[in-house]
Amino acid sequence: MIIPPYLKPGDTVAFAAPARKISKAEILPAERWLQSVGFNVFYDDRLFAEEHQFAGSDEVRTRYFQDLLDNDNIRAIWCVRGGYGSARIIDQLDFSHFREHPKWICGYSDITVFHNHIQQHLQTATLHATMPINVTEENTQSPAVQSFLAALTGKTLSYDIAPHPLSRQREFSGILTGGNLSMLYSLIGSPSDIDTSEKVLFIEDLDEYLYHIDRMMLNLRRSGKLANIKALLVGHLSDMHDNTIPFGKTAEEVVADHCRDLNIPLIFNVPAGHLPDNRAFRMGCKIEGLFKDNKFIINSLDHE
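Residues numbered from 1 in each chain as written. Predicted model: local features only at pLDDT ≥ 70, side-chain atom pairs only at ≥ 80, totals over all residues. Heavy atoms only, no water.

A. Spatial organisation of the overall build of the protein chain. The helix and strand tally for the protein chain stands at eight helices and 13 strands. Across its three principal directions, the C-alpha atoms of the protein chain cover 50 × 45 × 40 Å. Residue burial in the protein chain is summarised as follows: out of 304 residues, 55% are buried. Pairs at least 24 residues apart make up 78% of the contacts formed inside the protein chain by residues separated by at least 6 positions. Carbon and sulfur atoms make up 48% of the accessible area of the protein chain, which totals about 12700 Å². Side-chain charges of the protein chain comprise 29 positive and 39 negative groups, with the mean position of each set lying 3 Å from the other. (Helix = DSSP H or I, 4+ residues; strand = E, 2+ residues; numbered from the N terminus. Buried < 20%, exposed > 50% of the residue type's maximum accessible area, 1.4 Å probe, protein only. Contact = heavy atoms within 4.5 Å. Areas by Shrake-Rupley, 256 points an atom, 1.4 Å probe, with all protein chains shown as cover. Lys, Arg positive; Asp, Glu negative; His and termini not counted. Charge placed at Lys NZ, Arg CZ, Asp CG, Glu CD.)

B. Up close: the pattern of salt bridges. Taken as a whole and assessed by the stated rule, the structure comprises 16 salt bridges. Among the ionic pairs, D11 bridges to K8, the shortest N-O distance being 3.5 Å. For D11, a relative accessible area of 8% corresponds to the buried category. With a shortest N-O distance of 3.4 Å, K21 and E50 are connected by a salt bridge. Here K21 is found in the loop between β1 (12-16) and α1 (24-36), whereas its partner E50 is found in the loop between β2 (40-42) and α2 (58-70), with 29 residues between them in sequence. (Salt bridge = Lys/Arg side-chain N within 4 Å of Asp/Glu carboxyl O.)

C. Structural view of unusual backbone geometry. Even without being glycine, D207 reaches a positive phi, approximately 60°. Looking at where D207 falls in the secondary structure, it is placed in the loop between β8 (199-206) and α7 (210-222). One non-glycine residue, N269, adopts positive backbone phi at about 65°. Within the fold, N269 resides in the loop between β10 (266-267) and β11 (281-283).

D. Focus on a nonpolar patch on the surface. Nonpolar side chains collect at one region of the surface, where Y209, Y211 and F247 lie side by side and expose about 260 Å² of accessible area between them. Relative accessible area serves as the criterion here: at 33%, F247 is assigned to the partly exposed category. (Patch = residues over 30% accessible without salt bridge, like charges linked within 9 Å, V, L, I, M, F, W, Y side chains within 5 Å.)

E. Expanded view of helix α8 (residues 251-258). All of the buried residues along α8 are A251, V254, V255, A256 and H258. Buried residues along α8 sit in contact with β8, α7, β9 (231-238) and β10.

F. Seen up close, the packing of α7 against α8. For the pair α7 and α8, interaxial distance at closest approach is 9 Å and the crossing angle is 20°. Classed by the angle they form, the pair α7 and α8 counts as roughly parallel. Considering only the axes of α7 and α8, their crossing is right-handed. Between α7 and α8, the contacting residues are L210, I213, D214, M217, L218 and R221 on the first element and A251, V254, V255 and H258 on the second. Residue composition of the contact of α7 with α8, by class: seven nonpolar, one polar and two charged. (Axes fitted to C-alpha atoms, helices over the stretch in contact; angles between N-to-C directions. Parallel < 35°, antiparallel > 145°, perpendicular 65-115°, else oblique. Left-handed = near helix turned anticlockwise from the far one by under 90°. Nonpolar A, V, L, I, M, F, W, Y, C, P; charged D, E, K, R; others polar.)

G. Focus on the packing of aromatic side chains. A full pass over the atoms with the stated rule returns 15 aromatic pairs. An angle of 70° between the planes, with centres 5.2 Å apart, marks the rings of Y159 and F281 as edge-to-face. Residue Y159 is located in strand β6 (residues 157-160), and its partner F281 is located in strand β11; the two are separated by 122 residues in the primary sequence. On the basis of an interplanar angle of 25° and a centroid distance of 6.4 Å, the ring pair of F202 and F281 is categorised as stacked. In this pair, F202 sits in strand β8 while F281 sits in strand β11, placing the two residues 79 residues apart along the sequence. For the pair formed by F202 and F281, the shared burial category is buried. Among the aromatic residues, ring-to-ring pairing joins F15, W33, Y43, F48, W78 and F148 into one connected group. (Phe/Tyr/Trp six-rings, centres within 6.5 Å; stacked < 30°, edge-to-face > 60°.)

H. Seen up close, the pairing of strand β4 (residues 104-107). Here β4 shows two buried faces, one formed by W104 and C106 and the other by I105 and G107. Of the pairings in the sheet, the one linking strand β3 (residues 74-79) to β4 comprises three bridges and is parallel in character. The residue of β4 that forms the bridge with A76 is W104. Pairing of β4 with strand β5 (residues 126-128), which is carried by two bridges, proceeds in the parallel orientation. Bridge pairing in β5 links C106 to L127. (Pairing = 2+ DSSP bridges.)

I. The sheet that holds β3, seen in detail. Pairing is mixed in the open sheet, where six strands are placed in the order β2-β1-β3-β4-β5-β11. Each end of this open sheet is capped by a strand with a single partner; those strands are β2 and β11. Sheet twist, expressed as the average angle between the axes of neighbouring strands with direction ignored, equals 30°. Summarising the sheet, β1 and β3 pair through five bridges and their orientation is parallel. In the strand pairing of β3, A16 is matched with C79.

Distances and angles like these do not, on their own, reveal function.
Below, the structure written as structure tokens:
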């Protein structure tokens, strides 16, 4: 696995909007924070393009992201928000220069498209982390923002995982893959589909009906995505919906039910996803879970 160079003071972080549109006001706190910790920030007017809900047309978003990939002065691309749209441009991007000069691609949710595509085709690590839309003047010292900074600069990432009644907290290690469950489901059978065999799979999701969670987990089972994984890590399953006739299980119970016959570690309460406590993880890198001082700890590493 290729690890992009970690950032140091004076390096440049670019803002990109491959999905939903963004305003200047929404990125200012993140821009000011990056500058306060020693980084330069790059973007141009194309970042604020609009086409209905998108940050400009597919062509505009593709061209802008391509320019960032090909610019050697940019050391990380921080996607400003998710929403929907990354899958519409991923096949038009040329990663040949990125292959020779890798940089960190950062974000979560819809940015799962990039995490999966880059890991599968370029064997290069990416960063699952909070995004500028989530940064405010008040939360720059939060675990989510500080873990993003630690990950970007090569610091150790280590998180205590609280017990959960459905967890099977057993020790594990392997390469981390996955991301947003809805995006993983949508990518199956596409060029951005991931190989989960012998990997540690991470999932999280937001604003879904409980039967949708069941349908997506069933698809992961039937397509073999759960068959040979080393562990399943479950982040935030937030703001779930039910029908008038209840589905009868929580989202966590749905996930656990689909893993009932899998003899693998099953770890709930992983602090990542669509809640403020969205810690950074290096996708495509080694991750380990172990017991230390009577606590279960997850370490996100960058080596075998």
